[in-house]
Amino acid sequence: DGFNWITLTLLSALFGAFALIYKKKGLEHEHSLEYLGVFKVFEFLMILPFAFIVPLNFPVRTYAFMYLLSIFITFALLLENKGFRRMEFTKYVPLFNIKTIVTFLVSMIVLEEYFTWGQIGGICLIIFGLYKAESQHSIRDMFTHFKESKGVLFSLSGIIILGIAAVFEKQLLLETHIISYLLIMYFFSVINTLLALTIFYDGYKGIIHGIKSEGRTVLLASFFATISNLLFLAAISGAYLAIVEALKKSSNIIAMVIGGRYFHEKDYMQRVAWSSLVIVGIILIL
């Protein structure tokens, strides 16, 4: 029912905020691809015990589609990491709002998920409120910064790809199982990152190096991310994807408060004050 998916989404947002903070901390001292390799290995190992109790007998077509999607997701995550590594925490987080817009538009086209004007207004308020909470630039300054910053371009490219991929993830969830899907996708991601490390760097040695240098931080990030992903996939199984995606963006406010303190950002409390618009938006979409 409605209460369940709302609760699942808010919990996913909370764990997602902690994952984001630990991810930023780990990327400060680690190569983007090495970090992604270690991150995916940890995620896969965490969910591997479920392989004995969840269904895995899906059609070959489904596995092929999942692997194709995993290539795009792995590439997008690498771009995200490269961008996140180059940017300040509070300048990076606002870009996540673009994923909501992309998912919203693609879900209308592919999934035929149509919304009431009240729900559309609520999603717009959430996006605008989070933008004002996290960015003090004018629209013109923002676009100028987008064109001049490699970090922004990397991040935007990854976020847009992930926004599109989220729509196809929901389609695959209808054919599989929540934990089965995550298990298979994590496995494919490990393969993808190992192949990339082998081609461009030093293969599995990069993963060993990453574990030695930032293992504890990456482990915590992958733990919180795995829980957040499980809760998010459970939520979109019972509700419109774009609405869940928008509500999950409340994690940005949590990340701003905690991350602002941890990374000693200036004026973060002033940005948090705009979260009142986010609360209004959440009420409208419910």
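Anything mentioned here points back to the structure above.
Residues numbered from 1 in each chain as written. Predicted model: local features only at pLDDT ≥ 70, side-chain atom pairs only at ≥ 80, totals over all residues. Heavy atoms only, no water.

**Student:** Give a detailed account of the overall build of the protein chain, specifying residues and quantitative values.
**Tutor:** Across its full length, the protein chain holds 14 helices and zero strands. If you list the helices and strands of the protein chain from N to C, you get α-α-α-α-α-α-α-α-α-α-α-α-α-α. Counting every position in the protein chain, which comprises 286 residues, the buried fraction comes to 54%. For the protein chain, the proportion of contacts with a sequence separation of at least 24, taken over those separated by at least 6, is 88%. About 13,500 Å² of surface is accessible on the protein chain, with carbon and sulfur atoms providing 69% of the total. (Helix = DSSP H or I, 4+ residues; strand = E, 2+ residues; numbered from the N terminus. Buried < 20%, exposed > 50% of the residue type's maximum accessible area, 1.4 Å probe, protein only. Contact = heavy atoms within 4.5 Å. Areas by Shrake-Rupley, 256 points an atom, 1.4 Å probe, with all protein chains shown as cover.)

**Student:** Talk me through helix H8 (residues 150–175); I want residue IDs and the actual numbers.
**Tutor:** With 26 residues, H8 should reach 38 Å at 1.5 Å per residue; the first-to-last C-alpha distance of 38 Å fits that figure. Where H8 bends most, the angle comes to about 25°, and this point is alanine 166. (Expected span 1.5 Å × (residues − 1). Bend = angle between axes of the 7 residues up to and from the residue.)

**Student:** Can you lay out the packing of aromatic side chains for me, pointing to particular residues and giving the numbers?
**Tutor:** Tallied over the entire structure, the rule returns 10 aromatic pairs. Here tyrosine 35 and phenylalanine 39 contribute two aromatic rings whose centre-to-centre distance is 5.9 Å and whose plane-to-plane angle is 20°, an arrangement assigned as stacked. With tyrosine 35 and phenylalanine 39 both in helix H2 (residues 32–47) and four residues apart, the pair spans about one turn of that helix. For phenylalanine 39, a relative accessible area of 11% corresponds to the buried category. Centroid distance phenylalanine 187 to phenylalanine 188: 6.1 Å. Interplanar angle 45°. Geometry classified as tilted. The exposure class of phenylalanine 187 is partly exposed, given its relative accessible area of 39%. Given a relative accessible area of 11%, phenylalanine 188 falls into the buried group. (Phe/Tyr/Trp six-rings, centres within 6.5 Å; stacked < 30°, edge-to-face > 60°.)

**Student:** A description of the packing of helix H9 (residues 178–200) against helix H10 (residues 204–236) should follow, citing residues and the corresponding values.
**Tutor:** H10 packs onto H9 with a crossing angle of 155° between their chain directions and a minimal axis gap of 13 Å. On the basis of the axis angle, H9 is roughly antiparallel to H10. Where H9 crosses over H10, the handedness of that crossing is right-handed. On H10, the residues touching Ile178, Ile179, Tyr181, Leu182, Tyr186, Leu194 and Leu197 of H9 are Tyr204, Ile207, Ala225, Thr226, Asn229, Leu230, Leu233 and Ala234. When its residues are assigned to classes, the contact of H9 with H10 shows 13 nonpolar, two polar and no charged. (Axes fitted to C-alpha atoms, helices over the stretch in contact; angles between N-to-C directions. Parallel < 35°, antiparallel > 145°, perpendicular 65-115°, else oblique. Left-handed = near helix turned anticlockwise from the far one by under 90°. Nonpolar A, V, L, I, M, F, W, Y, C, P; charged D, E, K, R; others polar.)

**Student:** Quick one: what's the story with a nonpolar patch on the surface, residue by residue and with numbers?
**Tutor:** A grouping of Leu195, Ile199, Phe200 and Tyr201 is seen on the molecular surface, where their side chains present a nonpolar patch of about 480 Å² in accessible area. With respect to the helices and strands, leucine 195 occurs in helix H9. A relative accessible area of 47% places leucine 195 in the partly exposed class. (Patch = residues over 30% accessible without salt bridge, like charges linked within 9 Å, V, L, I, M, F, W, Y side chains within 5 Å. Salt bridge = Lys/Arg side-chain N within 4 Å of Asp/Glu carboxyl O.)

**Student:** So what about the side chain of threonine 193? Which residues, and what values?
**Tutor:** Following the sequence through the fold, threonine 193 ends up in helix H9. Setting aside anything within four residues of it in sequence, one finds threonine 193 in contact with Leu36, Gly37, Lys40 and Thr74.

**Student:** Give a description of the environment of glycine 121 that names residues and reports values.
**Tutor:** Of note, glycine 121 is situated in helix H6 (residues 117–134). Through-space distance from the C-alpha of glycine 121 to that of leucine 284 is 7.3 Å; in sequence the pair is 163 residues apart.

**Student:** Give me the lowdown on the side chain of glutamate 43, citing residues and values where you can.
**Tutor:** Relative to the helices and strands, glutamate 43 is located in helix H2. Judged by its relative accessible area of 1%, glutamate 43 is buried. Excluding its chain neighbours within four sequence positions, the residues that come into contact with glutamate 43 are Tyr186, Ser222, Ala225, Thr226 and Asn229.

**Student:** Describe in detail the packing of H2 against H10, supporting the description with residues and values.
**Tutor:** Where H2 meets H10, the axes come as close as 7 Å, and the angle between the chain directions of the two elements is 55°. The angle between the axes of H2 and H10 places the two elements in the oblique class. You can see that H2 and H10 cross each other, and the crossing is right-handed. Of the residues that constitute the contact of H2 with H10, the class distribution is 15 nonpolar, eight polar and two charged.

**Student:** Account for the pattern of salt bridges, naming residues and giving values.
**Tutor:** All told, the structure shown has three salt bridges when counted by the stated rule. Measuring nitrogen to oxygen at the nearest pair gives 3.0 Å for the salt bridge that ties lysine 40 to glutamate 43. Taken together, the residues lysine 40 and glutamate 43, both in helix H2 and three residues apart, mark about one turn of the helix. We note that lysine 40, like glutamate 43, is buried. Ionic pairing is found between arginine 61 and glutamate 175, a salt bridge with its closest N-O pair at 3.2 Å.

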